[in-house]
Amino acid sequence: MFKRENLKKKSLLTKVVALGLTLTFLPGLLIGCSSKSEASEVKKIVIGSGNSYNPYCYIDESGNAVGYEYDVLAAIDELLPQYEFEYKSMAFDQILLSLDSGKIDVAAHQYEYTDERASKYLFSDESYTSYITYISVLSDDNEINGLEDLAGQRVRAGGATSATTQILKKWNADHPGKEIIIVNSDSSTDEELVAALKNGADRATVSKKSDIAKLNSNYSDDGNDWIKAVGEPVNNSQTYYLYKQGNSELKEAIDGALKTLKENGTLSELAIKWVGYDVTESE
């Protein structure tokens, strides 16, 4: 479990000050008026997010949970004095299992919409990141222009429950005899991804252009780009928070705060801070 202590100081102070003002100016209302007292209580909300998806949600060298996901959630928490957010960082495929079991209240890991997820979970109405993905291969690989050229090849996807994996599974189902080999990488690091591509263990991966730019910047051997996107997007979607079915009160509160962050420019600022450009509207 990782708590965003530094990012939450202001939020916690705001809540303490607000409670102190209530105690100072409304003593008469507090006495014999339990409904007012109960309304001032802060409810803890446990949010599950990732631990290895830099720059969105990962654990830094000091052991802190950081990234775009965590900063957006901290900004949402600032706008919701009735809630106090606590974070649990875990492998991607563990997050929805934790939501199922009631260990967390919100799943936050760049979740795209799928029919399977919608049948089990409540999606937020407000999206917070565009999510456009491409097949990406080594820069000197001129044989691959899309999934149609990858029959029998190993293609690295996300976790077993990721939207990318579902897309690749559908490709295989729709193209008998031309199936690709899907390599799931639930909690692999960037270093493992880079090694698998450079040594030929995997022929391709599915990435956002921002991921490709990051990999080229951080893992080039000679200062030149070593990985590139090819063909048309594999998927063009948005990302959302997920809740247990029926948890509409929390969903609506977070949706409202997220809409405010879009309107006042905070969401775009956080995207630029972490990703390098605004990925809230387009990739």
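Details of the structure are given in the entry above.
Residues numbered from 1 in each chain as written. Predicted model: local features only at pLDDT ≥ 70, side-chain atom pairs only at ≥ 80, totals over all residues. Heavy atoms only, no water.

## Some remarks on the sheet that holds strand 2 (residues 52-53)
To keep things clear, this is the line we draw: Criterion used throughout: strands pair if DSSP finds at least two bridges between them. In this text, helices come from DSSP runs of H or I with a minimum length of four residues, and strands from runs of E with a minimum of two, each type numbered from the N-terminal end.
Here three strands make up an open sheet; going across it, the order is 2-3-4 and the pairing antiparallel. Both edges of this open sheet fall to strand 2 and strand 4 (65-66), since each of them pairs with a single strand only. Across two bridges, strand 3 (residues 57-59) lies against strand 4 in antiparallel orientation. Paired with Ile-59 across the strands is Ala-65, a residue of strand 4.

## Comments concerning the packing of aromatic side chains
Rules: For Phe, Tyr and Trp, where Trp contributes only its six-membered ring, two rings pair if their centres lie within 6.5 Å, and the inter-plane angle classes them as stacked under 30 degrees, edge-to-face over 60, or tilted in between. For each residue, the accessible area found with a 1.4 Å probe, counting protein chains only, is set against the maximum for its type, and the residue is called buried under 20%, exposed over 50%, and partly exposed in between.
One pass over the full model with this rule turns up nine aromatic pairs. Pairing Tyr-56 with Tyr-68 gives two aromatic rings, centres 6.0 Å apart and planes at 90°, and the pair type is edge-to-face. Taken together, the residues span a long stretch of sequence, with Tyr-56 in the loop between strand 2 and strand 3 and Tyr-68 in helix 4 (residues 68-78) at a distance of twelve residues. By the burial criterion, Tyr-56 is buried, and Tyr-68 matches it. Aromatic side chains Tyr-70 and Tyr-87 sit 5.7 Å apart centroid to centroid with 75° between the ring planes, which places their arrangement in the edge-to-face category. Within this pair, whereas Tyr-70 is found in helix 4, its partner Tyr-87 is found in strand 5 (residues 83-89), the two being separated by 17 residues in sequence. A relative accessible area of 0% places Tyr-70 in the buried class.

## Overview of unusual backbone geometry
Along the chain, Asn-54 connects to Pro-55 via a cis peptide bond; the corresponding omega equals 10°. Its location among the elements puts Pro-55 in the loop between strand 2 and strand 3. Not every positive phi belongs to a glycine, and Gln-110 is a case in point at roughly 50°. Structurally, Gln-110 can be placed in strand 6 (residues 106-112).

## Things to note about the environment of Ser-130
Structurally, Ser-130 is set in strand 8 (residues 129-138). Taking the relative accessible area as the measure of exposure, Ser-130 reaches 1% and is therefore buried.

## With respect to the pairing of strand 8
In terms of residue burial, strand 8 counts as a mostly covered element, since nine of its ten residues are buried. Inspection of the sheet shows strand 8 paired to strand 12 (residues 227-244) by nine bridges, in the antiparallel sense. Bridge assignment links Val-137 to a residue of strand 12, and that residue is Lys-228. Across four bridges, the pairing between strand 8 and strand 11 (residues 204-208) is antiparallel. Bridging from a neighbouring strand, Tyr-134 pairs with Ser-207 of strand 11.

## Thoughts on the packing of helix 4 against helix 11 (residues 266-275)
Think of two packed helices as two axes; the pair is described by the angle between the axes and how far apart they sit. For the record, the criterion: Every angle, taken between N-to-C directions, lies between 0 and 180 degrees, and every axis is a line fitted to C-alpha atoms, over only the stretch in contact when it is a helix. With respect to orientation, any angle under 35 degrees is reported as roughly parallel, any angle over 145 as roughly antiparallel, any angle of 65 to 115 as roughly perpendicular, and every other angle as oblique. Should the near helix be turned anticlockwise from the far one by less than a right angle, the crossing is left-handed, and should it be turned clockwise, the crossing is right-handed. Note on contacts: a residue pair qualifies if any of its non-hydrogen atoms lie within 4.5 Å across the two residues. In this classification, the charged set is Asp, Glu, Lys and Arg, the nonpolar set is Ala, Val, Leu, Ile, Met, Phe, Trp, Tyr, Cys and Pro, and all remaining amino acids, among them Gly, are polar.
Interhelical geometry of helix 4 versus helix 11 gives an angle of 155° and a closest axis separation of 10 Å. In terms of orientation, helix 4 lies roughly antiparallel with respect to helix 11. Handedness of the crossing formed by helix 4 with helix 11: right-handed. On the side of helix 4, the interface is formed by Tyr-68, Asp-71, Val-72 and Ala-75, while helix 11 contributes Thr-266, Leu-267, Leu-270, Ala-271, Lys-273 and Trp-274. When grouped by side-chain class, the residues that make up the contact of helix 4 with helix 11 number seven nonpolar, one polar and two charged.

## Here we look at the environment of Tyr-53
Put simply, the rule is: N or O atoms within 3.5 Å of each other form a polar contact, as long as, within protein, one can give a hydrogen and the other can take it, and as long as residues adjacent in sequence are counted only when both atoms are side-chain atoms.
Tracing the backbone shows Tyr-53 in strand 2. The spacing of Tyr-53 and Glu-69 is 16 residues in sequence and 9.9 Å in space, taken between C-alpha atoms. Excluding its chain neighbours within four sequence positions, the residues that come into contact with Tyr-53 are Tyr-58, His-109, Gln-110, Tyr-131, Lys-208 and Asp-211. Here the side chain of Tyr-53 touches Tyr-131 through a polar contact of 3.3 Å, side chain to side chain.

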